[in-house]
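Structural overview
The lines below spell out each chain.
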Amino acid sequence: MPERSRTSPRLTIATIATDTPMGAQAYQEQVASRAAAALASVDERHWRVRRLVVRSMRSSLPGNRRLPLSRIATAPAGVRRELGRALSLGDSVTHRMNLELPPSPHGDVITVHDVVAWRFPDESAPVPAAIEEARRAAAVICVSEFSAREAMELLGIREPHVVHNGVDTRFFDAAPLDTGGRTSLGLPERYVLHAGGATRRKNLEGLAEAWPLVQRERPGLELVLAGPPHPRRTALFEGMPGVRLVGRLPDEVMPGLVAGAEVVVVPSLYEGFGLPALEAMAANVPVVAAATSSLPEVVGAAGILVEPTGPAIAAGLLDATGGSQMDAMIAAGRARAGEFTWERCAEAHARVWASLA
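Thresholds applied
Residues numbered from 1 in each chain as written. Predicted model: local features only at pLDDT ≥ 70, side-chain atom pairs only at ≥ 80, totals over all residues. Heavy atoms only, no water. Helix = DSSP H or I, 4+ residues; strand = E, 2+ residues; numbered from the N terminus. Buried < 20%, exposed > 50% of the residue type's maximum accessible area, 1.4 Å probe, protein only. Contact = heavy atoms within 4.5 Å. Areas by Shrake-Rupley, 256 points an atom, 1.4 Å probe, with all protein chains shown as cover. Pairing = 2+ DSSP bridges. Right-handed = clockwise from strand over helix to strand, strands pointing away. Core = buried A, V, L, I, M, F, W, Y, C linked by side-chain atoms within 4.5 Å. Salt bridge = Lys/Arg side-chain N within 4 Å of Asp/Glu carboxyl O. UniProt positions renumbered as here; feature names shortened; annotations may be inferred. Disulfide = S-S within 2.5 Å. Polar contact = N/O pair within 3.5 Å; in protein donor to acceptor, adjacent residues only side chain to side chain. Axes fitted to C-alpha atoms, helices over the stretch in contact; angles between N-to-C directions. Parallel < 35°, antiparallel > 145°, perpendicular 65-115°, else oblique. Left-handed = near helix turned anticlockwise from the far one by under 90°. Nonpolar A, V, L, I, M, F, W, Y, C, P; charged D, E, K, R; others polar.

A count of helical and extended segments in the protein gives 15 helices and 13 strands. By its C-alpha atoms, the protein is 65 × 45 × 40 Å across when sized along the principal axes. For the protein, the residues scored as buried account for 53% of the 357 residues in total. Considering only contacts within the protein whose residues lie at least 6 apart along the sequence, 65% involve residues at least 24 apart. Looking at the protein as shown, the accessible area adds up to about 15,600 Å², and 52% of this sits on carbon and sulfur atoms.

Okay, structure coming up:
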């Protein structure tokens, strides 16, 4: 590698601390933890990398900056710009991984996972200034071609960068939970897994319609629903035969939970990326996913894609649990998941960052 320049640009990766990390938070940690190494691999300059983890004024979560987040999210655009200027002082590039955070005048980069805040009223309300700030950003990174099209259509963003997410290496060829591990978590021996949220776009209504059709044909199979407690999930599934609501499980058990499933089902109407599908493929587990939004882009021909209706979801689950004919699809899923690495994702981010400094 050529001798490094004396110029020492600084990248700040800004995130918000949360007590319920989901796919977006996995992305943040995976990219941020690899940022310095990725920059070194694509740029001869010596980059300094700073993490800015913002938490609310009374939060007990780890972080290094306290701010009144709810007030900042709804503040006028001019106020947000001034605060962003102060927070990013000394930066060459600032990557805001949460749109609630204020924009930087120094190489402002944002990530758009999806536009659900504008598409679905039961999701978190959009930041009022977000569209204007997205259009002014130095670069916008989208996690799928689908999300990029959505960002261009709904937010008016021009030329976003598409960078697919990766898969945590813990999921590749993970071992299923043993009998003791399953028992301690209240899990059955044979199960279909749905892991994630329960807002309307997750289409739990379709899964609730499908499940009795599946259990009639597969009485020894149960449906395990993992995720933060939500009244919609409870109302749809509580008391339904062959269903277990196990709540949010510790992150360390998730690879084993996924690997032990006979099928992972992702019936969503809308996903910006659909990480649970890719994690299942990495763990050698068949995937039944709705043929909607980004899911065909991620799953490709390595899973069973169905219409997001109860009968179609049920038919997909019955096909996936019908015998050894799934071996070829499982192998294809494992191979496809291997194409999605966090190292490749971080290097693509690094090329964007380096181009702006």
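Structure shown, so let's carry the discussion forward.
On to unusual backbone geometry. Non-glycine residue E159 carries a positive phi angle of around 55°. Backbone geometry at S293 places phi at a positive 50°, although glycine is not the residue there. Structurally, the position occupied by S293 is in the loop between β12 (287-290) and α12 (295-299).

Turning our eyes to something else, we now look at the pairing of strand β8 (residues 191-195). Counting buried positions along β8 gives 4 out of 5 residues, so the element sits mostly inside the fold. One ladder, built from 5 bridges, connects β8 with strand β9 (residues 222-226); its direction is parallel. Paired with L193 across the two strands is V224, which belongs to β9. Read as a crossover between parallel neighbours, the route from β8 over helix α8 (residues 204-217) to β9 is right-handed. Sheet analysis places β8 next to strand β11 (residues 263-266), joined by 2 bridges and oriented parallel. Across the sheet, L193 pairs through a bridge with V264, a residue of β11.

Before going further, it helps to examine the nonpolar core. Note that soluble globular proteins tend to have their nonpolar side chains buried in a common cluster. Ranked by size, the top nonpolar core spans 39 residues in total, and within it L193, L257, V264 and L278 carry the most contacts. Considering each element in turn, this core owes the most residues, 6 residues, to helix α11 (residues 275-282). Leave out the neighbours within four places in its chain, and L193 touches V224, A226, L257, V258, A261, V263, V264 and V265.

Side-chain pairing between opposite charges can occur once the charged atoms of the two side chains come close. Counted by the stated rule, this structure contains 24 salt bridges. R34 serves as the salt-bridge partner of E343, at 3.1 Å between the closest nitrogen and oxygen. Here E343 is found in helix α15 (residues 342-356), whereas its partner R34 is found in helix α1 (residues 23-42), with 309 residues between them in sequence. Classification of E343 as partly exposed rests on a relative accessible area of 40%. A salt bridge links E123 to R201; the nearest nitrogen and oxygen atoms lie 2.8 Å apart. Taken as a pair, E123 in the loop between α4 (116-119) and α5 (130-136) and R201 in the loop between β8 and α8 lie far apart in primary sequence, 78 residues in all. Here the two residues E123 and R201 agree in accessibility, since each one is buried.

What follows concerns the UniProt feature "domain: Glycosyltransferase subfamily 4-like N-terminal" (unreviewed entry) in the protein. As annotated in UniProt, the feature "domain: Glycosyltransferase subfamily 4-like N-terminal" (unreviewed entry) corresponds to residues 109-170 in the numbering used here. Taken end to end, residues 109-170 comprises 35% helix and 16% strand; its first and last C-alpha atoms sit 29 Å apart.

The full count for this structure, using the stated rule, is 0 disulfides. The thiol of C142 is unpaired, and the distance to the nearest cysteine sulfur, on C345, comes to 12 Å.

With that settled, consider the side chain of S144. Tracing the chain through its elements places S144 in the loop between β6 (139-142) and α6 (145-155). Among the polar contacts listed, one links the side chain of S144 to the backbone nitrogen of S147, at a separation of 2.9 Å. For S144, the side chain forms a polar contact with the main-chain oxygen of G272, separated by 2.7 Å. When near neighbours in sequence (up to four residues on either side) are disregarded, S144 contacts V162, H164, G272, S294 and E297.

What follows deals with the sheet that holds strand β2 (residues 48-55). Taken in spatial order, the 7 strands line up as β3-β2-β1-β4-β5-β6-β7 in an open sheet, and their pairing is parallel. Looking at strand neighbours, the two that pair on one side only are β3 (65-66) and β7 (161-162), the edges of this open sheet. The pairing of strand β1 (residues 10-16) with β2 spans 7 bridges and is parallel. Each residue of the ladder has a partner; that of L11, found in β2, is V49.

Below, the discussion takes up the sheet that holds strand β13 (residues 304-306). If you walk across this open sheet you meet the 6 strands as β10-β9-β8-β11-β12-β13, and the pairing is parallel. The open sheet has two free edges, formed respectively by β10 (243-247) and β13, since each of these has just one partner strand. Between one strand axis and the next, the sheet turns through 25° on average, direction left out of account. Where α8 meets the sheet, it contacts β8, β9, β10 and β11, and its direction lies at approximately 160° from that of β9. Of the strands in this sheet, β8, β11, β12 and β13 are in contact with helix α13 (residues 310-320), which crosses β13 at around 165°.

Before going further, it helps to examine the packing of α11 against helix α14 (residues 327-337). Interaxial distance between α11 and α14 falls to 7 Å at its minimum, and their mutual angle equals 115°. Taken together, α11 and α14 sit at an angle that is classed as roughly perpendicular. Note that α11 runs across α14; the crossing there is left-handed. Note on element contacts: α14 touches α11 through G333, R334, R336 and A337, opposite L278, M281 and A282. Across the contact of α11 with α14, the residue classes break down as 4 nonpolar, 1 polar and 2 charged.

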